[in-house]
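Results of the structural survey
Single-letter residue listing:
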Amino acid sequence: MAALINVPAKAKRGDVIEIRTLTSHIMETGFRHTVDGKLVPRDIITSFICRYNGAEIFRADLFPAIAANPYLSFFTVAKESGKFEFEWIGDNGYSSTASASITVE
Amino acid sequence: MPTTRRQFLSLAGSITAAGTLPIVTLRPLQATPAMLNGAIRNIVGEASVRTGRVKLDIPPLVENGNTVPMTVSVASPMTADDYVKSIHVFNEKNPQPNIGNFYLGPSSGRAQVSTRIRLADTQKVVAIARMSDDTFWQVVADVVVTLAACTEEMN
C-alpha cells in the first residue's frame, strides 16, 4: 500500500524533528450498513509502530474513530544517521511497511 | 372480551420470542458518558485525573465529521526523568469511546501528536496524558459537528 512519509533528510544532532506519515487505508468502522441493511464488517488499521535504527520511538493504537487514510505526526530527537522504519498492522492480516533515512550531522 | 393493550403487547412479545416475527435487535448507536468514563478508567485505573498541562487543538465547529484534524500537545520537558509516557484520546458519542492511544518516550523530544479523526455527533473530546511519574492530566474540548461520520449508509 502506498504510504507518504515526511522526514527531514538532514538534521543537526539533538534537533527535535517532526515525522509525518500518511498511508492509504479505508478504515471501515464496522458500524456502517449497506442500503439493504447489512452491516459492513470492520476493516481498520489497529496499530502503528515507528522504529529509529531498530529502537521503537513511537507507537499508536488506532480505533474506528481514526479517519480513513490515517495521518499521524509526531516528534523525535535526531540522535544519529540512520533509518526510520514504519509499520502499520490491521484487521484481516493487514500489514504494510515503509522506511526513510536521515543524515545527522 | 375486548383485547386490552397489555394483552396485545404480551402476545406480540411471545410471538417475537418464538421467532415468527423478524427480531429487531437494538444496538447502541452512541457511546454514553458512562462508556466514556469506563474507557477512561480502563487507562487511568483508580488514579485521579487533573485538568491542565494538556492542550487539544481541534476546530470548535466542523462541517464534516469524517475527517477532523486534531493535535494534542503536553507541557513537558521530555527529559529522561520527566516525560510523557502516553496520550489517550476519547470521545463521548461515537459508537465507541476510544479514538487513539499514542505511546511516547523521552526520545520524543516534544510531546505532540497530530492525526485526523471521525466524530459522529456534536460532542466532547477528551485528551489524557500519562506522565512518567504516573500522574494523569486531561483537557476537554467541545466540538460542534454538522455532518456526522461513522454510521451513514454505504452506497
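In this text, all values refer to a predicted model and were calculated from it rather than measured experimentally. (Residues numbered from 1 in each chain as written. Chains lettered and ligands numbered in written order. Predicted model: local features only at pLDDT ≥ 70, side-chain atom pairs only at ≥ 80, totals over all residues.)

Here we look at the overall build of chain B
Note the threshold: Strands here mean DSSP runs of E at least two residues long; helices mean DSSP runs of H or I at least four residues long; both are numbered from the N terminus. Exposure is read from a count of other C-beta atoms within 10 Å of each residue's own; the residue is exposed at 12 or fewer, buried at 20 or more and partly exposed in between. C-beta atoms are placed from the backbone. Residue pairs are scored as contacts if the distance between their C-beta atoms, which are placed from the backbone, is within 7 Å.
Across its full length, chain B holds two helices and nine strands. When its helices and strands are written in sequence order, chain B yields α-α-β-β-β-β-β-β-β-β-β. Here chain B holds 155 residues, and 37% of them are scored as buried. Put simply, 70% of the contacts in chain B that link residues at least 6 apart link residues at least 24 apart.

Here we look at the sheet that holds strand β7 (residues 112-117) of chain B
Applied cut-off: Pairing between two strands is assigned when DSSP locates at least 2 bridges connecting them. For helices, the fitted line uses only the C-alpha atoms of the stretch in contact; every axis is such a line through C-alpha atoms, and the angle between N-to-C directions lies from 0 to 180 degrees.
Judged by pairing direction, the sheet is antiparallel, and its six strands sit side by side in the order β1(A)-β3(A)-β6(A)-β7(B)-β4(B)-β2(B) without closing on themselves. Of all the strands in the sheet, the pair left with one neighbour each is β1 (3-6) of chain A together with β2 (54-57) of chain B. Here the average twist between neighbouring strands, direction ignored, is 15°. Bridge count for β1 of chain A against strand β3 (residues 16-23) of chain A is four bridges, and the pairing is antiparallel. Residue pairing for β3 of chain A: isoleucine 5 of chain A is matched across the bridge by threonine 21 of chain A.

Comments concerning the pairing of strand β6 (residues 71-77) of chain A
For a regular strand, side-chain orientation follows a simple rule: the groups alternate between the two sheet faces. Two strands pair when backbone bridges link them, and β3 of chain A and β6 of chain A are joined in this way by seven bridges, in the antiparallel orientation. Paired with isoleucine 19 of chain A across the bridge in β6 of chain A is phenylalanine 74 of chain A. As paired elements, β6 of chain A and β7 of chain B share two bridges and run antiparallel to each other. Bridge pairing in β7 of chain B links leucine 72 of chain A to threonine 115 of chain B.

Points about the interface of chain A and chain B
Heads up, the condition is: Only Asp, Glu, Lys and Arg are considered charged, only Ala, Val, Leu, Ile, Met, Phe, Trp, Tyr, Cys and Pro nonpolar, and every remaining residue, Gly among them, polar.
Across the contact, 27 residues belong to chain A and 31 residues belong to chain B. For the side of chain A that touches chain B, the elements supplying multiple residues, two or more each, are β5 (55-62) and β6 of chain A. Tallied by class, residues from the side of chain A that touches chain B come to 19 nonpolar, five polar and three charged.

Comments concerning the confidence of the model for chain B
Residue and element names in this part refer to chain B. Note the following rule: Scored between 0 and 100, pLDDT is the confidence that the predictor attaches to each residue.
In this model, chain B carries a mean pLDDT of 85, and residues with pLDDT of at least 70 account for 79%. Across chain B, the element-wise mean pLDDT spans from 63 in helix α1 (residues 5-18) up to 97 in β7. Confidence drops under pLDDT 50 across residues 18-28; counting only partners more than four residues distant or on other chains, this segment forms four contacts. Taken together, the chains of this predicted complex give a pTM of 0.84 and an interface ipTM of 0.94.

Comments concerning helix α2 (residues 33-44) of chain B
Residues and elements named next belong to chain B. For clarity, the cut-off: Multiplying one less than the number of residues by 1.5 Å gives the expected span of a helix. An arc is given here, and it is the one of the directions from the helix axis to the C-beta atoms.
In this model α2 runs 16 Å from its N-terminal to its C-terminal C-alpha over twelve residues, within 8% of the 16 Å that 1.5 Å per residue would give. Within α2 the residues assigned to the buried category are Met35, Leu36 and Ala39. Taken around the axis of α2, the buried residues stretch over an arc of 105°, which confines them to a single face. What points out from α2, more than 90 degrees from its buried face, is the exposed set Ala34, Gly38 and Arg41. Looking at the buried residues of α2, the elements they touch are β5 (84-91) and β6 (98-103).

What to know about the nonpolar core
Formally: The nonpolar core criterion groups buried Ala, Val, Leu, Ile, Met, Phe, Trp, Tyr and Cys residues into a set whenever they are joined through C-beta atoms within 7 Å.
In terms of nonpolar packing, the biggest core is built from 56 residues, with Ile66 of chain A together with Val84, Ile87, Ile117 and Leu119 of chain B touching the most fellow members. The greatest single-element share of this core, amounting to five residues, is contributed by strand β8 (residues 123-131) of chain B.

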